[in-house]
Protein chains: 2
Amino acid sequence: MASGKELCEGVEWRIRVVDGSSEVLVPPTGLARKVWLRTKGLISGLGMKVRMFLKQAWDMGASDPRKVIHCIKVGLALTIVSLVYFMRPLYDGVGGNAMWAIMTVVVVFEPTVGATLYKCLNRVCATCLAGFLAVGVHWIASQSGDRFEPFVVGASIFILASIATFSRFIPSVKSMFDYGAMIFILTFSIVAISGYRVDKLFDLAHQRISTIIIGTSFCILVIMLVCPIWSGQELHSLTVRNMDKLSDSLDGCVRQYFTNSNGEDDQKLQGYKCVLSSKASEESMANFARWEPSHGRFNFRHPWKQYLKIGASMRSCAYCIEALNSCINSENQAAESIKKHLSTSCLKVSSSSSSAIKELAESVKKMNKSPTIELLVEEMNSALEELHNDLKSLSHLLNPSTTAENQISATGLVPFMEIIPVVTLASILIEISVRIEALVGSVEELVKESEMKDKIVAKEEKPEGTMKALQR
Amino acid sequence: MASGKELCEGVEWRIRVVDGSSEVLVPPTGLARKVWLRTKGLISGLGMKVRMFLKQAWDMGASDPRKVIHCIKVGLALTIVSLVYFMRPLYDGVGGNAMWAIMTVVVVFEPTVGATLYKCLNRVCATCLAGFLAVGVHWIASQSGDRFEPFVVGASIFILASIATFSRFIPSVKSMFDYGAMIFILTFSIVAISGYRVDKLFDLAHQRISTIIIGTSFCILVIMLVCPIWSGQELHSLTVRNMDKLSDSLDGCVRQYFTNSNGEDDQKLQGYKCVLSSKASEESMANFARWEPSHGRFNFRHPWKQYLKIGASMRSCAYCIEALNSCINSENQAAESIKKHLSTSCLKVSSSSSSAIKELAESVKKMNKSPTIELLVEEMNSALEELHNDLKSLSHLLNPSTTAENQISATGLVPFMEIIPVVTLASILIEISVRIEALVGSVEELVKESEMKDKIVAKEEKPEGTMKALQR
């Protein structure tokens, strides 16, 4: 005879698993078992998360090996600079302050050459300036007697730190000297205050400056010689890539609308969103590119700011493509006959505008004026003309020669509401082509400015020739 | 008899100045004069620039006095921490490494509480972790003999620095621990390498950690007690402000189009551009707000991420307003009769949608569900209905009962091309109202989540009550 407990245990929960068989679900018994199950769950959850994280990291590294190279470069630079510690003469030369060289490498090493140069130059200049100023303040303080010394030093730190912090809010200072202002405060405070305890203040300032110069020199060497990544080159490629994306999205959207095909690559259609979101990275790259020496086809004073204007023009096109996209996905669908009526000219406009953008991308890529861009713009304008005519003739589809309303459906004419989406789409397309002309203008300006800069640089390189030309 | 030279000098260049009289332009004679004139020009130009710069700085300070307060706070914190240097017991306590406390204050002090807390916590945790790890590595290195010590230390630095640098590229690490990873590399390198020269390594690690804790504590005290600026509060106000701007722009644009008035405040009309460009600042604020303790009406785990969703919804409205603006400024002007026909309903749609946005702003501001928002959305929808009907009846203006083309102008009917701009405007307005409904949804979600969090916090504060409720 089974007891009550045994009976209860005789009932099992079964769950049908994929392969058709069923599995017994054993209820957990006892606290220990519960704890064990929960711990197991936690650990497997954690393991899953770690595996996901590692996979994400691996994918990132695989998709952009330059990031991995950067990490190896940082390791390399740090290891080289650590040698200073192991070599007694070098170590003694900087009075045991070799730590500052290491610190410099860690904080100034950035993925791109421009960012590293910006930090290096800011760090060196700000350290020198602050060092000299602090030695001066210390001299004044020491003249004012032991009693007032802390007050003079404290007041000078308070005033200079406040002013330097304030300057970091001013946009023009922020874009060029933000890091420098911070290092200025840092060095000034350290050197000025150390004067109170350290006897050889001048030595301290000297050591700090020389260790920082050692650190920055190592960084600049490593960043520029081992697989350098140039901010300018990155900005340039980003601009070209974004133009290609813009062109693909524009063409893809319109084609999808008129051919009703869902076969278009969704990633291609959404490409314009990259253009919308790349403002911040464009700005920081242009900022850093200004610090870079001439590299590849780019001279020292390449018109980087013009890339920001091109970016703004591209974004203004992308806003319109966003509006276009909303027409395409709108619930209010257009009549097929109207679509057919406008499809040829709309497709022509979109394909000619997108090939104009493609040509602009090519022109930026090669950094010379495209020979065919004018032709393409003309083609776009003639396609626009055609679209205008088609739009005008649209009223015939609406405007029956007979007045009887019940004949409307019989003659294949469509209600006004059903033409609205197509008309909206067409007028946004027209607006996009206006904005593309602005884009053409800004690309041409970039090419012109860059050619001008090239000439100036070429002249500066052979000044005798220029002088002779002037004397003639 | 005048000599040739005198004759030449007798000829003067005169320039007519504003008041009608003429002034003699004296040609510069001699090198000294030229240099003087050029120097004068340079100095006055420089003076002008400096004056402009100071004016800009002054305006910035006057428009946002909190920036000035922040600068004073930095000065204050630095001066307080410098006291450590002047007090012998404190100075000796940290073994002369008080410099690190100053360095900490300079680098972690940010304008907002969230950013400062993020840096402080990252710095303290990373320093502790790296310090212990470095002491461990040093122990292993010292066991492996004098010859291999530099290699073990060098290899460990290379490997850990590379891995930590790589982790900074991973988005989830970057948003939470970017600064921590840098400090980890810094502390690990310094402590591991110092092991080679410094005898009491444990003391060095201990001093570095304690000075950093002194520095961060000072910073946290000053930033939270003296006029604190909370990232969360800033994000909240930015969202409310942007909604108001969006609403003003939308209403202003449509009103300007239909009333042909140029009296609208241009700054108000362009307000939507702020919405377009505030993505980056919203993201960084939301990132920092996560670190802030409960303040004002915001609890510790306030749904800050929801603000980013609201921001994205607002931007999607702003893209449409940008397209709307291009309709308004388009060369292709619409016929007045058509404008008049649609003006009432369009104005109704725009004013009802903009008051819906205003109400949403109010709802976010007060952080509770608006009682009238449903009514306003209904109003917007009925205005849309009206616009739909007006659009439908538009075909009558186009669709004359007579077929003779020459009668078109006589009957006041307009060519199809002239209705396109208004139709486009109307359909963009319809799209905007669709997007506003999405905005309503995300604001409601924020309010709901924030109320839920409030309840959870209230429960956590009286856990006994909850336990009792569960036991019942």
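Residues numbered from 1 in each chain as written. Chains lettered and ligands numbered in written order. Predicted model: local features only at pLDDT ≥ 70, side-chain atom pairs only at ≥ 80, totals over all residues. Heavy atoms only, no water.

Here's the deal with the overall build of chain A
- Scanning chain A from terminus to terminus reveals 19 helices and two strands.
- Out of the 472 residues belonging to chain A, those deemed buried represent 47%.
- Counting every atom, chain A has about 24200 Å² of accessible surface; 62% of that belongs to carbon and sulfur. (Helix = DSSP H or I, 4+ residues; strand = E, 2+ residues; numbered from the N terminus. Buried < 20%, exposed > 50% of the residue type's maximum accessible area, 1.4 Å probe, protein only. Areas by Shrake-Rupley, 256 points an atom, 1.4 Å probe, with all protein chains shown as cover.)

Notes on the relation of the copies chain A and chain B
- The two copies are related by a screw motion: chain A maps onto chain B through a turn of 180° and a shift of 0.0 Å along the axis, at an RMSD of 0.1 Å. On the angle and the small slide along the axis, the relation comes out as a two-fold axis. Relative to the rotation axis, the closest C-alpha in chain A is found at Thr424(A), a distance of 2.4 Å.
- A shared binding surface is used by both copies, with 100% of the interface residues of chain A retained as interface residues in chain B. (Least-squares fit on C-alpha atoms with pLDDT ≥ 70 in both. Contact = heavy atoms within 4.5 Å.)

Observations regarding the interface of chain A and chain B
- Opposite the 81 residues of chain A that make contact, chain B presents 81 residues.
- Together, the buried faces of chain A and chain B total about 7300 Å²; carbon and sulfur atoms form 77% of this surface.
- Two residues, Arg435(B) and Glu322(A), come together in a salt bridge whose shortest N-O distance is 2.9 Å.
- If you look at where chain A meets chain B, you find six residue pairs in polar contact (both at pLDDT 80 or more).
- Element by element, the count of residues in the side of chain A that touches chain B is highest for helix α3 (residues 65–86) of chain A, at 13 residues.
- Here the residues of the side of chain A that touches chain B sort into 49 nonpolar, 23 polar and nine charged. (Buried area = accessible area lost by both parts, 1.4 Å probe. Salt bridge = Lys/Arg side-chain N within 4 Å of Asp/Glu carboxyl O. Polar contact = N/O pair within 3.5 Å; in protein donor to acceptor, adjacent residues only side chain to side chain. Nonpolar A, V, L, I, M, F, W, Y, C, P; charged D, E, K, R; others polar.)

Here we look at the confidence of the model for chain A
Residue and element names in this part refer to chain A.
- On average, residues of chain A carry a pLDDT of 82, and 84% of them reach 70 or more.
- Between residues 1–10, whose pLDDT stays under 50, and residues either more than four places distant or in other chains, the model counts two contacts.
- The model gives residues 399–410 a pLDDT under 50, and that stretch makes 11 contacts with residues more than four places away or in other chains.
- Two numbers describe this predicted complex: its pTM, 0.82, and its ipTM, 0.81. (pLDDT = per-residue confidence, 0-100.)

Some words on the environment of Ser277(A)
Residue and element names in this part refer to chain A.
- Among the secondary structure elements, Ser-277 is positioned in the loop between α12 (272–276) and α13 (279–289).
- Here Ser-277 falls in the partly exposed class, since its relative accessible area comes to 42%.
- Here the alpha-carbon distance between Ser-277 and Arg-315, two residues 38 residues apart in the chain, equals 8.8 Å.

Overview of the side chain of Ser352(A)
Residues and elements named next belong to chain A.
- As for its placement among the helices and strands, Ser-352 is situated in helix α15 (residues 336–366).
- Given the relative accessible area of 3%, Ser-352 is considered buried.
- In contact with Ser-352, not counting residues within four places along its chain, are Glu-379, Met-380 and Ala-383.

A few points about helix α8 (residues 171–194) of chain B
Residue and element names in this part refer to chain B.
- The terminal C-alpha atoms of α8, which comprises 24 residues, lie 33 Å apart, in line with the 34 Å expected from a rise of 1.5 Å per residue.
- At Phe-177, α8 shows its largest kink, close to 85°.
- Judged by how many residues are buried, α8 sits mostly within the fold: 18 of 24 residues are covered. (Expected span 1.5 Å × (residues − 1). Bend = angle between axes of the 7 residues up to and from the residue.)

Looking at the domain arrangement of chain A
Residue and element names in this part refer to chain A.
- On domain assignment, one finds that chain A holds domain 1 (63–225) and domain 2 (231–396 + 419–458).
- For domain 1 and domain 2, the distance between their C-alpha centres works out to 45 Å.
- Counting residues at the interface gives 13 residues for domain 1, matched by eight residues for domain 2.
- Across the domain 1/domain 2 interface, buried area totals approximately 900 Å², and carbon plus sulfur atoms make up 67% of it.
- On the surface where domain 1 and domain 2 come into contact, there are one salt bridge.
- Among the salt bridges present, the one from Arg-66 reaches Glu-234, with a minimum N-O distance of 2.7 Å.
- The interface formed by domain 1 and domain 2 holds three residue pairs in polar contact (both at pLDDT 80 or more) in total. (Domains from an automatic or database assignment.)

So, the UniProt feature "transmembrane region" (unreviewed entry) in chain A
All names here are of chain A.
- In the numbering used here, UniProt assigns the "transmembrane region" (unreviewed entry) feature to residues 68–86, 98–117, 124–142, 148–167, 179–197 and 209–231.
- Split by type, residues 98–117 is 75% helix and 0% strand. Its first and last C-alpha atoms lie 21 Å apart.
- Between the C-alpha atoms that bound residues 209–231 the distance is 27 Å, and the span itself is 78% helix and 0% strand. (UniProt positions renumbered as here; feature names shortened; annotations may be inferred.)

Quick word on the packing of helix α10 (residues 231–259) of chain A against helix α14 (residues 304–328) of chain A
Residues and elements named next belong to chain A.
- Two elements in contact, α10 and α14, have axes whose closest approach is 10 Å; the angle formed by their N-to-C orientations is 20°. One way to sum up the angle between α10 and α14 is to call them roughly parallel. For the element pair α10 and α14, the recorded crossing hand is left-handed. Where α10 abuts α14, its residues Gly-232, Leu-235, His-236, Thr-239, Asn-242, Met-243, Leu-246, Ser-249, Leu-250, Cys-253, Val-254 and Tyr-257 lie against Trp-304, Tyr-307, Ile-310, Met-314, Cys-317, Ala-318, Ile-321, Leu-324, Asn-325 and Ile-328.
- Residues that form the contact of α10 with α14 fall into these classes: 16 nonpolar, six polar and no charged. (Axes fitted to C-alpha atoms, helices over the stretch in contact; angles between N-to-C directions. Parallel < 35°, antiparallel > 145°, perpendicular 65-115°, else oblique. Left-handed = near helix turned anticlockwise from the far one by under 90°.)

Here's the deal with the packing of aromatic side chains
- According to the stated counting rule, one finds 13 aromatic pairs over all chains in the structure shown.
- The interplanar angle of 80° and the centroid separation of 5.1 Å between the aromatic rings of Tyr257(A) and Phe258(A) together place this pair among those described as edge-to-face. In terms of burial, Tyr257(A) and Phe258(A) fall into one category: buried.
- Between Tyr118(B) and Phe288(B) the ring centres are 5.5 Å apart and the planes differ by 45°, which places this aromatic pair in the tilted class. (Phe/Tyr/Trp six-rings, centres within 6.5 Å; stacked < 30°, edge-to-face > 60°.)

Let's talk about the side chain of Glu282(B)
Residue and element names in this part refer to chain B.
- In this fold, Glu-282 is placed in helix α13 (residues 279–289).
- Look at Glu-282 and you get buried, because its relative accessible area is 2%.
- The residues touching Glu-282, leaving out its near neighbours within four places in the chain, are Leu-235, Leu-238, Asn-242, Tyr-307, Leu-308, Gly-311 and Arg-315.

Observations regarding a nonpolar patch on the surface
Residues and elements named next belong to chain A.
- Together, Leu-46, Val-50, Phe-53 and Leu-54 give the surface a local cluster of nonpolar side chains, amounting to about 370 Å² of exposed area.
- In this structure, Leu-54 sits in helix α2 (residues 31–63).
- The class for Leu-54 is exposed, based on a relative accessible area of 51%. (Patch = residues over 30% accessible without salt bridge, like charges linked within 9 Å, V, L, I, M, F, W, Y side chains within 5 Å.)

What about helix α9 (residues 201–225) of chain B?
- With 25 residues, α9(B) ought to run about 36 Å at 1.5 Å a step, and its terminal C-alpha atoms sit 36 Å apart, in line with that.
- Downstream of α9(B) by one or two residues, Cys227(B) has phi in the positive range, about 35°.

Describing the packing of helix α7 (residues 145–167) of chain B against α8(B)
All names here are of chain B.
- The N-to-C vectors of α7 and α8 enclose an angle of 170°; their axes lie 9 Å apart at closest approach. In this view, α7 runs roughly antiparallel relative to α8, as classed from their interaxial angle. Contact with α7, carried on its side by Val-153, Ser-156, Ile-157, Leu-160, Ala-161, Ala-164, Thr-165 and Ser-167, involves Val-173, Ala-181, Phe-184, Ile-185, Phe-188, Ser-189, Ala-192 and Ile-193 of α8 and no other residues of that element.

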